[in-house]
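Coordinate inspection notes
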Amino acid sequence: MSELPLQNWDEKQWELWESLCRVPPVRLALVNVNMPSDLAQLAQVILATGIAGRSITRESDARPVPHVATYLIGESLDFMQPKIRNKIMSWNISEEAIKSIPRKPATLEDLKKQGFRLVGTSPSEGVNALNYHWGAADVAVIGGDKGLSAKNRSFLDEMIKIPCSTEVPFLTIPTVVPLLTYPVLNQRGLWGNSSKQSGLSSNFRQEQALKC
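Residues numbered from 1 in each chain as written. Predicted model: local features only at pLDDT ≥ 70, side-chain atom pairs only at ≥ 80, totals over all residues. Heavy atoms only, no water.

1. A word on the packing of aromatic side chains
Under the definition given, this model contains 5 aromatic pairs. Measuring from ring centre to ring centre gives 5.5 Å for Trp-14 and Tyr-71, while their planes differ by 45°; the resulting arrangement is tilted. Placement of Trp-14 in helix H1 (residues 11-20) and of Tyr-71 in strand E2 (residues 68-73) is noted, with a sequence separation of 57 residues between them. Since its relative accessible area comes to 3%, Trp-14 is described here as buried. Ring pairing ties together the aromatic residues Trp-14, Trp-17, Tyr-71 and Phe-116, which thus form one cluster. (Phe/Tyr/Trp six-rings, centres within 6.5 Å; stacked < 30°, edge-to-face > 60°. Helix = DSSP H or I, 4+ residues; strand = E, 2+ residues; numbered from the N terminus. Buried < 20%, exposed > 50% of the residue type's maximum accessible area, 1.4 Å probe, protein only.)

Structure, rendered in structure tokens:
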């Protein structure tokens, strides 16, 4: 199998990335997220979930495979936008690594048609995000600084919230994403065995094997 592609994420390359994932990845739909600082920090979190040596011909050439996918919706900026890219690279992260972040343009309507469940994030309504049981088909929908519009909210299947003091009116994206991402990937066994989620991971690998 060829090395994980670094750019031009078409459907074939997206499927290749999915086939290299060790466990079901976390999926994020970014709606009008266009603050360079937020996206740079988000990229750092995504790249930190990379696991090397997955179905790559030579171990020495293995590039870590990120386990977070991003769907860029509306006015969301790409991670290769110069201000974002330069900030990420200032943390000694290579441009090739930035290009390896799984992302593609989408709409919430398209994601619904593909069979994904859209889970909106809110500072004040919905079920406790820390108790939410994430399925492999769930996509966390995160709005930019203006939140989610009524039209965007109409596509949502469910809402979640992160417990937060009334002293803090909202949490920023760089704060929210790790709280959603790391517990889910840990439960799915990305960094070790997890009996609680072993069935989910096994089913995911079987589904990817059928695609290849």
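Once the structure has been displayed, the description carries forward.
2. As for unusual backbone geometry
Of note, Asn-32 is a non-glycine position whose phi angle comes to about 55°, a positive value. Position of Asn-32 among the secondary structure elements: in the loop between strand E1 (26-31) and helix H2 (36-48). Overall, Asn-32 belongs to the partly exposed group, its relative accessible area being 29%.

3. Focus on the packing of H2 against helix H7 (residues 173-187)
H7 packs onto H2 with a crossing angle of 20° between their chain directions and a minimal axis gap of 9 Å. One finds that H2 runs roughly parallel with respect to H7. The handedness of the crossing between H2 and H7 is right-handed. Between H2 and H7, the contacting residues are Asp-38, Gln-41, Leu-42, Val-45 and Ala-48 on the first element and Ile-173, Pro-174, Val-177, Pro-178 and Tyr-182 on the second. Residue composition of the contact of H2 with H7, grouped by class: 8 nonpolar, 1 polar and 1 charged. (Axes fitted to C-alpha atoms, helices over the stretch in contact; angles between N-to-C directions. Parallel < 35°, antiparallel > 145°, perpendicular 65-115°, else oblique. Left-handed = near helix turned anticlockwise from the far one by under 90°. Contact = heavy atoms within 4.5 Å. Nonpolar A, V, L, I, M, F, W, Y, C, P; charged D, E, K, R; others polar.)

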